[in-house]
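Each chain is listed here by its residues.
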Amino acid sequence: GENVEQHPSTLSVQEGDSAVIKCTYSDSASNYFPWYKQELGKRPQLIIDIRSNVGEKKDQRIAVTLNKTAKHFSLHITETQPEDSAVYFCAAGFQKLVFGTGTRLLVSP
Amino acid sequence: DAGITQSPRHKVTETGTPVTLRCHQTENHRYMYWYRQDPGHGLRLIHYSYGVKDTDKGEVSDGYSVSRSKTEDFLLTLESATSSQTSVYFCAISSGGNTGELFFGEGSRLTVL
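Residues numbered from 1 in each chain as written. Chains lettered and ligands numbered in written order. Predicted model: local features only at pLDDT ≥ 70, side-chain atom pairs only at ≥ 80, totals over all residues. Heavy atoms only, no water.

1. Structural notes on the overall build of chain A
Stated formally: Comment: elements are numbered from the N terminus, with helices defined as DSSP H or I runs of at least four residues and strands as E runs of at least two. What the globule rule says is 2.2 Å times the number of residues to the power 0.38, and the radius of gyration is computed from C-alpha atoms.
In terms of regular secondary structure, chain A is built from zero helices and eleven strands. Counting from the amino terminus, helix and strand elements in chain A follow one another as β-β-β-β-β-β-β-β-β-β-β. In terms of overall size, chain A behaves like a compact globule, its C-alpha atoms giving a radius of gyration of 13 Å where 109 residues would be expected to give roughly 13 Å. Seen through its C-alpha atoms, chain A measures out along the principal axes to roughly 40 × 25 × 20 Å.

2. Section: the overall build of chain B
Counted only if it meets this: Each residue is placed in one exposure class: buried if its accessible area under a 1.4 Å probe, protein chains only, is under 20% of its type's maximum, exposed if it is over 50%, and partly exposed if it falls in between. Residue contacts follow a heavy-atom distance rule, with two residues in contact if any of their heavy atoms lie within 4.5 Å. Accessible surface is estimated by sampling points in the Shrake-Rupley manner with a 1.4 Å probe; for residues, cover comes only from the protein chains shown. Residues counted as positive are Lys and Arg, residues counted as negative are Asp and Glu, and His and the chain ends are not counted. Working definition for charges: the position is that of NZ of Lys, CZ of Arg, CG of Asp or CD of Glu.
For chain B, the count of helices and strands is zero helices and eleven strands. The C-alpha atoms of chain B give a radius of gyration of 13 Å, which matches the 13 Å a tight globule of 113 residues would have. Expressed along its principal axes, the backbone C-alpha trace of chain B runs to roughly 35 × 30 × 25 Å. Split into buried and exposed, the 113 residues of chain B put 51% on the buried side. Of the contacts formed within chain B by residues at least 6 apart in sequence, a portion of 54% connects residues at least 24 apart. When the accessible surface of chain B is totalled, it reaches about 5,200 Å², and 46% of it is carbon and sulfur. Side-chain charges of chain B comprise 11 positive and 13 negative groups, with the mean position of each set lying 3 Å from the other.

3. Section: the nonpolar core
As a reminder, the rule being used: By nonpolar core we mean a set of buried residues, namely Ala, Val, Leu, Ile, Met, Phe, Trp, Tyr and Cys, connected to one another through side-chain atoms within 4.5 Å.
Counting residues in hydrophobic clusters, the biggest one holds 24 residues, and the most contacted among them are Trp 35, Phe 73 and Leu 105 of chain A. Elements represented by at least two residues in this core include exactly strand 2 (10–14), strand 3 (19–25), strand 4 (32–38), strand 5 (45–51), strand 7 (62–67), strand 8 (72–77), strand 9 (86–93) and strand 11 (103–108) of chain A. Apart from residues lying up to four places away in sequence, Leu 105 of chain A is in contact with Leu 11, Val 13, Ala 19, Ile 77, Asp 84, Ser 85, Ala 86 and Tyr 88 of chain A. Membership of the second largest hydrophobic core comes to 19 residues, among which are Ile 4, Leu 76, Leu 78 and Leu 110 of chain B.

4. Observations concerning the sheet that holds strand 8 of chain A
Residues and elements named next belong to chain A. For clarity, the threshold we go by: We treat two strands as partners when DSSP finds at least two bridges between them. Note on method: axes are straight lines fitted to C-alpha atoms, helices fitted across the in-contact stretch only, with angles between N-to-C directions ranging 0 to 180 degrees.
Read from one edge of the open sheet, five strands run 1-3-8-7-6, paired in antiparallel fashion. Edge positions in the sheet fall to strand 1 (4–7) and strand 6 (56–59), since each of these pairs with one other strand and no more. Neighbour-to-neighbour, the strand axes of the sheet open up by a mean angle of 15 degrees, direction not taken into account.

Okay, here's the thing in structure tokens:
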């Protein structure tokens, strides 16, 4: 089955800096790669996703890149703000989604 | 927010007792999921449903059963709860199938003593 690894487990940045979270996956059949954000005590919510026929996708300050050859994808957040502080989960799948273990991002003012 | 509610939101029970968690949706989505969330493990799929009476196992299905007799309700049952099943349980729904956006419920915190 699919196995997703996510790094780093924690990431601390200063407000205004960029943050990058990386994930690798094992199943070459996976074709859907979403990212979810979970604020403390809240439910996970989708922030961006990418499908295997696309190499990069942007939405304002966030972007996701996908390298299918290397089986890795990354989340990029530019101009970080304190409200970006949360746990971020990547996921990969074809018929079932498998989630990474999460990255706790802390943005300090 | 998508129309999805979970009950109960909090439950404390003892080892060996049965527990049922309920997920209710008002969106008429075909796909429904149960995940558990534990520190260091992220979100792990327990079971999912792709229609009334149609269910399948996820990554961590041992010790859990599910039922879906109506489109709007998806029940997760722990036949005999164990301490290792202490967790936060999230229900999710999707209109786009197994690779579509998931809308999560607010979570149910279960403590098994």
